[in-house]
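Okay, here's what each chain looks like letter by letter:
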Amino acid sequence: MSIRVRFAPSPTGYLHLGAARAALFNYLYARSVGGKFLLRIEDTDLERSTEESTRSILEGLEWLGLDYDEEIIFQSDNAEKHRQIALKLLEEGKAYRDFTPKEDRANTNIKQNIADKARQQQGEKNMRDNPFRNLSKAESDAKADAGEPFAIRLKVAETGKTSFEDAVYGFQERDYSEIEDLVLLRSDGHPLYNLAVVCDDLEMQITDVIRGQDHLTNTHKQILIYEALGKTPPRFAHLPLILAPNKGKLSKRKHGAVVSMTTYRDKGFVAPAFRNFLALLGWSAGEEREIYSLEELVEKFSLEGVHRNNAVFNFHEADERHWTDDKALWMNAEYIRTMPLESLIPLGKNELKSAKLWRDEYEDDDKVWFEKTIDLIRQRFFTLKDFSAQGRAFFSEDFDFDEKAIEKNLKKFPDLQTWLPELANRLETVEDFTHDNLEAVIKKFAEEKGTKIGVIMNGARTLLTGLAVGPSMLAVFETLGKEKTIRRLKSQVAWNL
Ligand code: GLU
């Protein structure tokens, strides 16, 4: 049977890190074995699901380049089928009606899990103590016929164990005594999560369920549903958690921006870089290597390479430049620095456009200049935003001066205030504004002034770009060209700040 996997997000917010990673691993697995990668939107929580969220999830997948096969399945479209299956289990005596008044019932999945835990902790609570569990069929039918509302619960056997072989965590086992008779259908007829997932996975002929480790408890419950239905469960692979730097839970609520895919797109991440980073959150190919193209990831990916240890997302809330995981940022810089220039050009263009720095000549008369400039300045950039921020002086006369750079490179050497305009006059005489010619003139100038060439270059850098660091200064002179170089060297603006 060919492999079929699915990504099954609940559309209750944007696409977050953990979900994006689950999507990626499903995608890589499907592509690596020639299987199908399907998408199912689990929109059964009607109060919390929004179309906007579905849109943002789809956008996130598109940004990451994770294209799915077949049509999207919306879980809510299948609610009637889920109900029928619950009723069938009731008919077969594998489920029962629970007439407990609504307010007394743990009627959502979350509440169910909390209740399970509390009961386990107490250690003595009998999971089979529901007073309606052993009602005779006649009694149960009579109450239902009289219009008493009821939920439908799975009748979990008194003794026994569920077990499965997890592709990542190995053999997993849970005693029935730890699992309550889970609700399949709410009294308002609403099918609950575990039932819906099992029915849909069966209908979609899913062979492998790859999802976060936080679903382990659900998996045991779902296996019970498969068994009640007389069906073979799919294989399961649970993925390690992604933790915050303090090893606590990474949460949408607390860490909204750092876990949202939209943030990465909007803050200038290159999609292939972020995808590469995500792939390494809990997986490795067992080699000392970190940069992989999508094709290489597909080729190398296997579930055996998924780690059992939780991954940590290392970010520094207080440090603006390192607002996200260090490695994610490093990897983005690496992609910006090394990706084919023709792939970077359109990204640079987008960025300049959104910063209102774009000019059509960059694609026309100044095309060669533009591409050379992007290639020059990309070397030290971390995000695409840097093209319009740190790179601003290359595209606009209206750029800021970094205070520290002014202190360190200009004001510490007061002579530069007259020397740099003097150098500008000297540069007027350079006909051919190229690297070698400029170097000779500046070297001679520094010698005459009895100062290090570095002092001249650093001062010039700050006047020309507003910054303390950047590409080789000779390349900066050449790129900005004679007119701008001279004008900025003579400018007193920075000196007066
Ligand atoms: N809708 C579930 C979630 O977003 C996914 C469940 C699954 O993959 O089975 O956590």
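Analysis parameters
- Within every chain, residues take consecutive numbers counted from 1 along the sequence as written.
- Local features in this predicted model are restricted to residues of pLDDT 70 or higher, and side-chain atom pairs are both shown and tallied only at a pLDDT of 80 or more, whereas totals for entire chains, interfaces and linings draw on every residue.
- Side-chain numbers come from the whole structure's heavy atoms, not from hydrogens or water.
- The rule for a residue being near a molecule or strand is that one of its heavy atoms must lie within 4 Å of it.
- Definition of a polar contact: a pair of N or O atoms within 3.5 Å, with one able to donate and the other able to accept a hydrogen when the atoms are protein atoms, and with sequence-neighbouring residues admitted only if both atoms are side-chain atoms.
- Accessible areas in this description were obtained via Shrake-Rupley with a 1.4 Å probe; residue shielding takes into account the shown protein chains only.
- Classes in brief: Ala, Val, Leu, Ile, Met, Phe, Trp, Tyr, Cys and Pro nonpolar; Asp, Glu, Lys and Arg charged; the others, Gly included, polar.
- Between any two strands, at least two bridges found by DSSP are needed for them to pair.
- Helix and strand labels come from DSSP, where a helix needs a run of H or I of at least four residues and a strand needs a run of E of at least two; each type is numbered from the N terminus.
- Inter-axis angles, ranging from 0 to 180 degrees, are taken between N-to-C directions of lines fitted to C-alpha atoms, where helices are fitted over the stretch in contact.
- Using a 1.4 Å probe on the protein chains alone, a residue whose accessible area is under 20% of its type maximum counts as buried, one over 50% counts as exposed, and one in between counts as partly exposed.
- To form a nonpolar core, buried Ala, Val, Leu, Ile, Met, Phe, Trp, Tyr and Cys residues must be joined to one another through side-chain atoms within 4.5 Å.
- Residue contacts are defined here by distance: any two heavy atoms, one from each residue, within 4.5 Å place the two residues in contact.
- A crossover gets the label right-handed when its path from the first strand over the helix to the second runs clockwise, viewed with the strands pointing away from the viewer.

Trainee: I'd like a description of the site of the ligand, backed by residues and values.
Mentor: Around the ligand, the neighbouring residues are Arg-6, Ala-8, Pro-9, Ser-10, Glu-42, Tyr-193, Arg-211 and His-215. Between the ligand and Ala-8 there is a distance of 2.7 Å, counted from a nitrogen atom to a backbone nitrogen or oxygen. Note that an oxygen atom of the ligand is positioned 2.6 Å from one of the side-chain N or O atoms of Arg-211. For the ligand, the protein covers 78% of the area, taking 300 Å² as the surface of the free molecule. A per-class count over the shell around the ligand returns three nonpolar, two polar and three charged.

Trainee: Tell me what's going on with the sheet that holds strand β5 (residues 151-154), and back it up with residues and numbers.
Mentor: Overall, antiparallel pairing links the three strands, which are arranged β4-β5-β8 in an open sheet. Single-partner strands in this sheet number two, and they are β4 (95-98) and β8 (183-185). For this sheet, the mean angle separating the axes of adjacent strands, direction not counted, is 40°. In terms of strand pairing, β5 meets β8 through two bridges, oriented antiparallel. Among the inter-strand pairings, Arg-153 is bridged to a residue of β8, identified as Val-183.

Trainee: Let's hear about the pairing of strand β6 (residues 161-166): which residues, and what values?
Mentor: Burial along β6 is one-sided: the residues Thr-162, Phe-164 and Asp-166 are buried and none of Lys-161, Ser-163 and Glu-165 is. Two strands pair when backbone bridges link them, and β6 and strand β7 (residues 170-175) are joined in this way by six bridges, in the antiparallel orientation. In the sheet register, Thr-162 faces β7, and the bridge partner there is Arg-174. Hairpin connection between β6 and β7: a loop of three residues separates the two successive antiparallel strands.

Trainee: Break down the nonpolar core for me, citing the residues and quoting the values.
Mentor: Within the largest apolar cluster, 112 residues are counted, with the highest numbers of intra-cluster contacts made by Phe-7, Leu-17, Phe-274, Phe-313 and Phe-477. Among the elements that make up this core, the one with the highest residue count is helix α1 (residues 17-32) (11 residues). Leaving out residues up to four positions away in the same chain, Phe-477 has contacts with Phe-433, Leu-438, Ile-442, Met-457, Ala-460, Leu-464 and Thr-485. Ranked by size, the runner-up nonpolar core spans 28 residues in total, among them Tyr-176, Leu-182, Leu-216 and Phe-236.

Trainee: Talk me through the pairing of strand β9 (residues 208-212); I want residue IDs and the actual numbers.
Mentor: Among the five residues that make up β9, five are buried, leaving the element largely enclosed by the rest of the structure. Bridge count for β9 against strand β10 (residues 235-239) is five bridges, and the pairing is parallel. Looking at the pairing, Ile-210 lines up with Ala-237 of β10. Read from β9 through helix α7 (residues 216-229) to β10, the crossover connection turns out right-handed.

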